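Structural overview
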Amino acid sequence: MKDWQDDEYRLYVNGGEGSDLWSLLADWSDSEDEREWVKHIPRFARLIACWSRLGFIKVFRSDEWPADHTGEEVTGQDLDELLADPQSWEYAEEPTRWICVASGDRDIQELEEGMCEQER
């Protein structure tokens, strides 16, 4: 197993909790300031895309909460588009859709150094 980077650890924990994308950003930045969250979207979009393709996490979208139980898994080009859309990462007082990360089918212990670089 590789040494964990802070962002990887946050993604792993949030995935285990079935966290919304905005919640991952809030947790990482330790801030309620949504303008601060936006700075971290590229980092997590890249990491989520990689880990999803490798099977370590899954991304779900739904019109009902909790998305990981009620929604559809988002993969491939649809995932790339979802992660590139800034609205996917926004907090809403009264959400009409939920997007979350959840644990994947592959054991995180299999994550090795350089896997995301090889995946590109």
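Residues numbered from 1 in each chain as written. Predicted model: local features only at pLDDT ≥ 70, side-chain atom pairs only at ≥ 80, totals over all residues. Heavy atoms only, no water.

Quick notes on the pairing of strand S3 (residues 98-103)
Inclusion rule: Relative accessible area decides the class of each residue, using a 1.4 Å probe on protein chains only: under 20% of the type maximum gives buried, over 50% gives exposed, and in between gives partly exposed. Each helix is a run of DSSP H or I of at least 4 residues and each strand a run of E of at least 2, with the numbering of both proceeding from the N terminus. Here the rule is simple: two strands pair whenever DSSP picks up at least two bridges between them.
A large share of S3 lies buried, amounting to five of its six residues. Two elements, strand S1 (residues 57-62) and S3, share six bridges in a ladder whose sense is antiparallel. The partner of arginine 61 across the bridge, within S3, is isoleucine 99.

Remarks on the packing of helix H1 (residues 6-17) against helix H2 (residues 21-29)
Applied cut-off: Inter-axis angles, ranging from 0 to 180 degrees, are taken between N-to-C directions of lines fitted to C-alpha atoms, where helices are fitted over the stretch in contact. Here is the rule for angles: anything less than 35 degrees is roughly parallel, anything more than 145 is roughly antiparallel, 65 through 115 is roughly perpendicular, and the remaining ranges are oblique. By definition, turning the near helix anticlockwise from the far helix through less than a right angle yields a left-handed crossing, and turning it clockwise yields a right-handed one. Here, two residues are considered to be in contact whenever any of their heavy atoms come within 4.5 Å of each other. Amino acids outside the nonpolar list (Ala, Val, Leu, Ile, Met, Phe, Trp, Tyr, Cys, Pro) and the charged list (Asp, Glu, Lys, Arg) are all regarded as polar, and Gly is one of them.
For the pair H1 and H2, the least separation of the axes is 10 Å and the interaxial angle reads 135°. Between H1 and H2, the interaxial angle falls into the category oblique. For the crossing formed where H1 meets H2, the hand is right-handed. Here Asp6, Asp7, Arg10, Leu11 and Asn14 of H1 come into contact with H2, specifically with Ser23, Leu24, Asp27 and Trp28. For the contact of H1 with H2, the class distribution of residues is three nonpolar, two polar and four charged.

Thoughts on the nonpolar core
What counts is decided by this rule: To form a nonpolar core, buried Ala, Val, Leu, Ile, Met, Phe, Trp, Tyr and Cys residues must be joined to one another through side-chain atoms within 4.5 Å.
The biggest cluster of nonpolar side chains holds 30 residues, and the ones touching the most others in it are Leu11, Ile48, Trp51 and Trp89. Beyond its immediate chain neighbours, meaning those up to four positions away, tryptophan 89 contacts Leu21, Trp22, Leu25, Ile41, Phe44, Ala45, Ile48, Leu82 and Leu83. Judged by nonpolar contacts, the second largest core, of five residues, contains Ala67, Trp98, Cys100 and Ala102.

From the geometry alone we can't say anything about function, so treat these as descriptive.
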